[in-house]
Amino acid sequence: MSTVHAIYAIENTVNGQMYIGSAHNVRRRWTKHRVELRKGAHHSEHLQRAFAKYGEAAFDFSIIEYVDSKNSLLRREQIWLDFFKPAYNVAKVAGSPPAGLTFSAETRA
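Definitions and cut-offs
- Residues numbered from 1 in each chain as written.
- Predicted model: local features only at pLDDT ≥ 70, side-chain atom pairs only at ≥ 80, totals over all residues.
- Heavy atoms only, no water.
- Phe/Tyr/Trp six-rings, centres within 6.5 Å; stacked < 30°, edge-to-face > 60°.
- Buried < 20%, exposed > 50% of the residue type's maximum accessible area, 1.4 Å probe, protein only.
- Helix = DSSP H or I, 4+ residues; strand = E, 2+ residues; numbered from the N terminus.
- Contact = heavy atoms within 4.5 Å.
- Arc of directions from axis to C-beta.

Caption draft 1: The packing of aromatic side chains, seen in detail. Applying the stated criterion across every chain yields a total of eight aromatic pairs. Between the aromatic rings of F51 and F59, the centroid separation amounts to 5.7 Å while the plane-to-plane angle is 40°, which identifies the pairing as tilted. Given a relative accessible area of 10%, F51 falls into the buried group. By relative accessible area, which is 7% here, F59 ends up buried. Relative to F83, the ring of W80 has its centre 5.8 Å away and its plane inclined at 85°; by these criteria the two rings are edge-to-face.

Take a look at the structure:
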(Lines give C-alpha, C1' and ligand atoms only; values in the text may rest on other atoms or scores of the structure.)
Protein backbone atom coordinates (compact mmCIF):
# COMPACT_ATOMS: atom_id res chain seq x y z
CA MET A 1 0.00 0.00 0.00
CA SER A 2 1.63 3.24 -1.10
CA THR A 3 -0.04 6.60 -0.58
CA VAL A 4 -3.71 5.76 -0.24
CA HIS A 5 -6.40 8.31 0.59
CA ALA A 6 -8.97 6.57 2.72
CA ILE A 7 -11.42 6.52 5.59
CA TYR A 8 -10.42 3.91 8.14
CA ALA A 9 -11.61 2.31 11.36
CA ILE A 10 -9.81 1.05 14.42
CA GLU A 11 -12.24 -1.45 15.91
CA ASN A 12 -12.18 -3.10 19.31
CA THR A 13 -13.08 -6.71 18.49
CA VAL A 14 -14.12 -7.39 22.10
CA ASN A 15 -16.83 -4.73 22.45
CA GLY A 16 -17.33 -3.45 18.88
CA GLN A 17 -16.46 0.15 19.71
CA MET A 18 -14.45 2.04 17.13
CA TYR A 19 -12.45 5.05 16.08
CA ILE A 20 -12.98 6.54 12.61
CA GLY A 21 -10.32 8.57 10.82
CA SER A 22 -9.17 9.73 7.43
CA ALA A 23 -5.69 9.96 6.00
CA HIS A 24 -3.78 11.01 2.92
CA ASN A 25 -1.38 8.15 3.67
CA VAL A 26 -3.12 5.40 5.62
CA ARG A 27 -0.01 3.32 6.29
CA ARG A 28 1.79 6.28 7.89
CA ARG A 29 -1.30 7.25 9.91
CA TRP A 30 -1.84 3.71 11.22
CA THR A 31 1.82 3.57 12.24
CA LYS A 32 1.39 6.81 14.16
CA HIS A 33 -1.72 5.48 15.93
CA ARG A 34 0.10 2.29 16.94
CA VAL A 35 3.18 4.16 18.19
CA GLU A 36 1.05 6.54 20.27
CA LEU A 37 -1.10 3.73 21.68
CA ARG A 38 1.94 1.63 22.61
CA LYS A 39 3.51 4.65 24.34
CA GLY A 40 0.27 5.46 26.19
CA ALA A 41 0.11 8.83 24.44
CA HIS A 42 -2.88 8.63 22.08
CA HIS A 43 -5.07 11.75 21.86
CA SER A 44 -8.21 9.69 22.48
CA GLU A 45 -8.17 8.83 26.17
CA HIS A 46 -11.08 6.43 25.71
CA LEU A 47 -9.25 4.51 22.97
CA GLN A 48 -6.03 4.60 24.99
CA ARG A 49 -7.73 3.13 28.07
CA ALA A 50 -9.37 0.40 25.98
CA PHE A 51 -6.03 -0.42 24.33
CA ALA A 52 -4.43 -0.76 27.77
CA LYS A 53 -7.31 -2.91 29.04
CA TYR A 54 -7.80 -5.26 26.07
CA GLY A 55 -4.34 -5.25 24.49
CA GLU A 56 -3.19 -4.57 20.96
CA ALA A 57 -4.44 -7.91 19.62
CA ALA A 58 -8.03 -6.83 20.33
CA PHE A 59 -7.90 -4.02 17.73
CA ASP A 60 -8.40 -4.36 13.98
CA PHE A 61 -7.34 -1.62 11.57
CA SER A 62 -9.40 -1.59 8.38
CA ILE A 63 -10.27 0.58 5.40
CA ILE A 64 -13.91 1.67 5.27
CA GLU A 65 -13.69 3.58 2.00
CA TYR A 66 -11.01 4.50 -0.51
CA VAL A 67 -11.29 8.16 -1.55
CA ASP A 68 -10.05 9.37 -4.95
CA SER A 69 -9.24 12.91 -3.91
CA LYS A 70 -7.65 14.10 -0.68
CA ASN A 71 -9.96 17.11 -0.96
CA SER A 72 -12.92 14.79 -0.35
CA LEU A 73 -11.50 13.09 2.75
CA LEU A 74 -13.06 15.27 5.45
CA ARG A 75 -16.48 15.31 3.80
CA ARG A 76 -16.46 11.51 3.49
CA GLU A 77 -15.09 11.07 7.03
CA GLN A 78 -17.95 13.17 8.40
CA ILE A 79 -20.47 10.91 6.67
CA TRP A 80 -18.94 7.87 8.39
CA LEU A 81 -18.67 9.65 11.76
CA ASP A 82 -22.38 10.46 11.55
CA PHE A 83 -23.20 6.89 10.49
CA PHE A 84 -21.16 4.96 13.09
CA LYS A 85 -21.10 7.53 15.94
CA PRO A 86 -17.80 6.00 17.09
CA ALA A 87 -17.19 5.90 20.84
CA TYR A 88 -13.43 6.45 20.61
CA ASN A 89 -13.47 9.67 18.56
CA VAL A 90 -12.86 12.72 20.73
CA ALA A 91 -13.88 15.17 18.00
CA LYS A 92 -17.26 14.51 16.43
CA VAL A 93 -16.60 16.87 13.49
CA ALA A 94 -14.12 15.70 10.85
CA GLY A 95 -11.01 17.85 10.75
CA SER A 96 -11.63 19.62 14.04
CA PRO A 97 -9.07 19.38 16.82
CA PRO A 98 -9.98 17.12 19.75
CA ALA A 99 -11.83 18.82 22.60
CA GLY A 100 -9.46 20.50 25.00
CA LEU A 101 -6.59 20.64 22.52
CA THR A 102 -5.07 24.11 22.39
CA PHE A 103 -2.47 25.57 20.07
CA SER A 104 0.20 28.14 20.86
CA ALA A 105 0.01 31.59 19.25
CA GLU A 106 2.94 30.59 17.06
CA THR A 107 1.17 27.45 15.84
CA ARG A 108 -2.08 29.35 15.21
CA ALA A 109 -0.20 31.93 13.15
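Caption draft 2: Up close: the side chain of E36. Relative to the helices and strands, E36 is located in helix α1 (residues 26-39). On the basis of relative accessibility, which here comes to 17%, the residue E36 falls in the buried class. Residues contacting E36, with those up to four places away along its chain left out, are A41, H42, H43 and Q48.

Caption draft 3: Quick look at helix α2 (residues 45-54). L47, Q48, A50 and F51 are the residues of α2 that are buried. Buried residues of α2, seen end-on, are gathered within an arc of 165° and therefore sit on one face of the element. Structural note: α2 exposes E45, R49, A52 and K53 on the side pointing more than 90 degrees away from its buried face. Close packing links the buried residues of α2 with β1 (6-12), β2 (18-23), α1 and β3 (59-66). Of the residues one or two after α2, G55 is the one with positive phi, at around 90°.

Caption draft 4: Representation of the side chain of H33 in the model. Counting through the fold element by element, H33 comes out in helix α1. By relative accessible area, H33 is classed as buried at 0%. When residues no more than four places from it in sequence are discounted, the contact partners of H33 are Y8, I10, Y19, H42, H43 and F61.

Caption draft 5: Molecular detail of the environment of R28. With respect to the helices and strands, the residue R28 is situated in helix α1. For R28, a relative accessible area of 59% gives the class exposed. Along the sequence, R28 and V4 sit 24 residues apart, while their C-alpha atoms lie 9.8 Å from each other.

By themselves, these figures tell us nothing about what the structure is for.
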